[in-house]
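In case you want the letters, here they are:
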Amino acid sequence: PAGRYLSRRLAADYGTGVRSGRQSAAMERMIAYLTYVKPRKEELIVDEMLAICSEIDAWREKKASEAANASYNEMLQFGLGGEEKAGDSGEDV
């Protein structure tokens, strides 16, 4: 199952890179790995692909967590925005 997911993901990434005329960071990293390390076993290639995908997923999770944390901190600092201060209902007395 992981191999199918990985091959679909990399194929989609490669297809997007080819169509747009630019490569993603993951593609560049894989090309560099294949060029300089020159692995002799398929298992090493798959292992590197999985490591790259895992790092990308971790980065995305980190960015989502940072965005959620920033929103939470903003809520703590400024409140929910729908609250009115006591005695400030906007009506004349």
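Residues numbered from 1 in each chain as written. Predicted model: local features only at pLDDT ≥ 70, side-chain atom pairs only at ≥ 80, totals over all residues. Heavy atoms only, no water.

### Structural notes on the packing of helix α2 (residues 25-36) against helix α3 (residues 42-78)
1) Next: Remark: α2 packs on α3, axes separated minimally by 11 Å, with the N-to-C direction vectors making an angle of 155°. When the axis of α2 is compared with that of α3, the two are roughly antiparallel. The handedness of the crossing between α2 and α3 is right-handed. Here A26, R29, M30, Y33 and L34 of α2 lie close against α3, whose contacting residues are L44, I45, E48, M49, I52, E55 and I56.
2) Next: Within the contact of α2 with α3, the residues separate by chemical class into nine nonpolar, no polar and three charged. (Axes fitted to C-alpha atoms, helices over the stretch in contact; angles between N-to-C directions. Helix = DSSP H or I, 4+ residues; strand = E, 2+ residues; numbered from the N terminus. Parallel < 35°, antiparallel > 145°, perpendicular 65-115°, else oblique. Left-handed = near helix turned anticlockwise from the far one by under 90°. Contact = heavy atoms within 4.5 Å. Nonpolar A, V, L, I, M, F, W, Y, C, P; charged D, E, K, R; others polar.)

### A closer look at the pattern of salt bridges
1) Next: Tallied over the entire structure, the rule returns four salt bridges.
2) Next: A salt bridge links K62 to E66, with the nearest nitrogen and oxygen atoms 3.7 Å apart. Here the residue K62 and the residue E66 both occupy positions in helix α3, the gap between them amounting to four residues, near one helical turn.
3) Next: Since its relative accessible area comes to 48%, K62 is described here as partly exposed. (Salt bridge = Lys/Arg side-chain N within 4 Å of Asp/Glu carboxyl O. Buried < 20%, exposed > 50% of the residue type's maximum accessible area, 1.4 Å probe, protein only.)

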